[in-house]
Amino acid sequence: MNKYNQLLTDLNDGSNTIIEKIPELTYIGNPVLRTKAEEVSFEEGIKIGKQLLQTLLAYKDVTGLGVGLAAPQIGIGSAVFVTYKDDVSKIYINPKIISTSEETNLYKENCLSSGHVWCDVRRPKVITLSYVNEEGKSITEEYNDFWARLLQHEYDHLLGIVNVDKATVGTIDYRFGNPKGERLRE
């Protein structure tokens, strides 16, 4: 077996483990990933947010990867997503991107719903996001670089968009590298 085929076999074995241990994850092809999410009450948002965090942490335990997860990715068509980075979790209820910069950057994005496929995606470098947090407070904050990208990626899920929809032409590929080694590029 050549090296490429062995890598694909290894990826498939990893996929089977993920599907087995985290069956609630949805993948490209599931219609919920192509449907615009609906706003929710604060109470419902908290309930979904906790479920998302539990799933994201389970994924992290299995793969060592994952920093964000949106409700459609576990089959729920609600406007909620979570982030987990540097041991800090956050719930975003009914988020809306209210402004973006003209300046952009490029990054090879992986997505839990895209399996072992990643691609270069160009996104605005700075965004302003409004949302309700886990304390019920309405927040409007500006984010840049990695955080802007992460939040845009998760927000896209609420619009029925996945990363491969925004791929730079010719960059969709199997993820053989380590996503933790990726860096923002101009």
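A brief structural summary. None of the values given here were measured: they were computed from a predicted structure. (Residues numbered from 1 in each chain as written. Predicted model: local features only at pLDDT ≥ 70, side-chain atom pairs only at ≥ 80, totals over all residues. Heavy atoms only, no water.)

1. Regarding the environment of V32
- If you trace the backbone, V32 turns up in the loop between α1 (3–21) and α2 (42–63).
- Sequence spacing of V32 and K47 is 15 residues, and the spatial spacing of their C-alpha atoms is 19 Å.
- Every residue in contact with V32, bar those within four places of it in the chain, is listed here: T26, P72, G75, I76 and G77. (Helix = DSSP H or I, 4+ residues; strand = E, 2+ residues; numbered from the N terminus. Contact = heavy atoms within 4.5 Å.)

2. Focus on the side chain of K108
- By secondary structure assignment, the location of K108 is in strand β4 (residues 104–110).
- The residues contacting K108, other than those within four sequence positions of it, are W118, C119, D120, T171, E182 and R185.

3. Quick look at α2
- Taking 1.5 Å per residue, 22 residues should reach 32 Å; α2 reaches 31 Å between its end C-alpha atoms and fits that length.
- Backbone geometry just after α2 places G64 at a positive phi near 80°. (Expected span 1.5 Å × (residues − 1).)

4. Examining unusual backbone geometry
- Residue D86 is not a glycine yet carries a positive backbone phi of 55°.
- Topologically, D86 is positioned in the loop between β2 (80–85) and β3 (88–100).
- When its relative accessible area of 65% is taken as the criterion, D86 is described as exposed.
- Even without being glycine, N94 reaches a positive phi, approximately 50°.
- Looking at the secondary structure, you find N94 in strand β3. (Buried < 20%, exposed > 50% of the residue type's maximum accessible area, 1.4 Å probe, protein only.)

5. With respect to the pattern of salt bridges
- For the coordinates displayed, the defined rule picks out 12 salt bridges.
- Between D120 and K108 there is a salt bridge, and its shortest N-O distance comes to 3.7 Å. You can see D120 sitting in strand β5 (residues 117–124) and its partner K108 sitting in strand β4, a full 12 residues away along the chain.
- A residue is classified by how much of its surface remains accessible, and K108, at 18% relative accessible area, is buried.
- Put simply, E109, R123, R149, D156 and K166 are held in one network by salt bridges that share partners. (Salt bridge = Lys/Arg side-chain N within 4 Å of Asp/Glu carboxyl O.)

6. Brief notes about the sheet that holds β2
- An order of β1-β2-β3-β6-β7 is seen for the 5 strands of this open sheet, with the pairing classed as antiparallel. Since the sheet does not close on itself, it has two edges, and those belong to β1 (68–70) and β7 (138–144), each with one partner. Here the strands of the sheet are splayed against their neighbours by 40° on average, with no regard to which way each runs.
- Packing against the sheet, α2 makes contact with β1, β2, β3 and β6 (126–132), and its axis sits at approximately 40° to β2. (Pairing = 2+ DSSP bridges. Axes fitted to C-alpha atoms, helices over the stretch in contact; angles between N-to-C directions.)

7. Observations concerning the packing of aromatic side chains
- Scanning the entire structure with this criterion turns up 3 aromatic pairs.
- An angle of 50° between the planes, with centres 4.7 Å apart, marks the rings of Y92 and Y131 as tilted. Placement of the pair is Y92 in strand β3 and Y131 in strand β6, with a sequence separation of 39 residues. By the burial criterion, Y92 is buried, and Y131 matches it.
- Put simply, the rings of F81, Y92 and Y131 touch in pairs and so form one group of aromatic residues.
- Directly above the aromatic system of F146 lies the positively charged group of K85, at a separation of 5.2 Å from the ring centroid.
- Between K108 and the ring centre of W118, over which it is positioned, the NZ or CZ distance is 5.5 Å. (Phe/Tyr/Trp six-rings, centres within 6.5 Å; stacked < 30°, edge-to-face > 60°. Lys NZ or Arg CZ within 6 Å of the ring centre and 35° of its normal.)

None of this, on its own, says anything about what the molecule does.
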